[in-house]
Structures are given as structure tokens and as C-alpha cells.
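Structural overview
Spelled out from the first residue to the last, the chains are:
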Amino acid sequence: MNVRSICLAILYEGETTGYEIRKLSTDGEYAYFVEASYGSIYPALSRLEEEKLVTSRIEQQDGKPARKVYSITEAGRRAFIDTLFNNIGDDVFRCEFLMFARFANELPADLVERRISERISMLGEHIVSLEELGEKRTTNTERWVLGVGLASLNQHRDYLIKHRHELIGMARPIPASAAE
């Protein structure tokens, strides 16, 4: 999958603006599928339009600049579904917290404890966000995909809660002079 596929997937559900596509693919629910940078979305939309897989129209707005609204064509719908027949690549998992944890033995225990707490809190916020998103979804496949995401986030959070003391124990103790 690539940025082109994400654009088509979002448009498959209905017409929208490039800004909304960008928002959904970088910060929204489509950000979980593939990496799409801000600088890659608009060029992908231009190519899709040149290939007649999407169309666009200018929509005037009261008191605001006009906006460009994209729609998927029937050829675009077929092209998107065709991409789903391609082999699926490996998942890419990146986690800055794990880089931090990898070097916890070089850091003070109080910092490690604080970062773990922050991470647990952040994961909890993501879980709530996905649960709220799930309440808005109507299809079984949408709920199933959200279920996988929720299971992953819950497992990550639960592991940190259960094993936090181990990582804190690997960190450097707070020097006696600093504790006073």
C-alpha cells in the first residue's frame, strides 16, 4: 500500500477535500495503515486526477477561500479494489518509547518511571479515541479493524503496567545526594 492507495481508500467512502485527506492519513484513522507525509498527498491526488481515477471541483465558501473537493471515479474504485489483490507488505512498527527503554540502564530511575507513566497515559488516550471512533462505525469490517488496533494498544499498555518495575529496576538509582 502507498499514499495513492490511502487517497483512493478515503475517497472510496465519499468525496472530500485534500486537507481532509491529509488530516485522515496523517493524524486520523488512516494514519494506522501506511505512512503518508503531508508532502506526498497532494502530488498523489494530482496524479490520480491526471489518470482519471479522481475528479475535483472548486467549491465556494462564504467568508473563506474556495476549496477543492475530490471524488473518486468508477475507474478509481476499480483501481483501489485491484490494489487490495496485491501482496501485503510487512508491517512497520516504530516506537520512540522503545528506543528510550533500550537505554533505560543509562538513565535515572525517576525519569524512567515518569516516561513509563506518560506512555501508559498516552496509550490510554489512544484507546479511548479508538473506542469513540468505534462507536461511530457501522460496518462489521470497520469494527473488526478497530478491534485489532484496540487489542494491540491494550496489550502494550498492560505490558507496561505489569512490567514497569522491571525497567525501572534496570535504570540508574537516584544518587543519595540528589535524593536529599
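The rules we used
- Residues numbered from 1 in each chain as written.
- Predicted model: local features only at pLDDT ≥ 70, side-chain atom pairs only at ≥ 80, totals over all residues.
- Heavy atoms only, no water.
- Pairing = 2+ DSSP bridges.
- Helix = DSSP H or I, 4+ residues; strand = E, 2+ residues; numbered from the N terminus.
- Phe/Tyr/Trp six-rings, centres within 6.5 Å; stacked < 30°, edge-to-face > 60°.
- Buried < 20%, exposed > 50% of the residue type's maximum accessible area, 1.4 Å probe, protein only.
- Lys NZ or Arg CZ within 6 Å of the ring centre and 35° of its normal.
- Arc of directions from axis to C-beta.

Observations regarding the sheet that holds strand β3 (residues 64-72)
In space, the 3 strands of this open sheet follow the order β1-β3-β2, with antiparallel pairing throughout. Among the strands making up the open sheet, the edge pair consists of β1 (16-17) and β2 (54-61).

Some thoughts on the packing of aromatic side chains
The tally for this structure, following the rule as stated, stands at 3 aromatic pairs. On the basis of an interplanar angle of 50° and a centroid distance of 5.5 Å, the ring pair of Tyr12 and Phe80 is categorised as tilted. Of this pair, Tyr12 sits in helix α1 (residues 3-12) while Phe80 is found in helix α4 (residues 74-83), placing the two residues 68 residues apart along the sequence. On the basis of relative accessibility, which here comes to 30%, the residue Tyr12 falls in the partly exposed class. For Phe80, a relative accessible area of 11% puts it in the buried group. Sitting over the face of the ring of Tyr12, Arg77 holds its NZ or CZ atom 4.5 Å from the ring centroid. Between the NZ or CZ atom of Arg102 and the centre of the ring of Phe103, over which it lies, the distance is 4.8 Å.

Quick look at helix α3 (residues 38-50)
Along α3, the positions that sit buried rather than exposed are Ser40, Ile41, Ala44, Leu45 and Leu48. In a view along the axis of α3, the buried residues occupy a sector of 135°, so they form one face of it. Turned more than 90 degrees off the buried face of α3, the exposed positions are Gly39 and Glu50.

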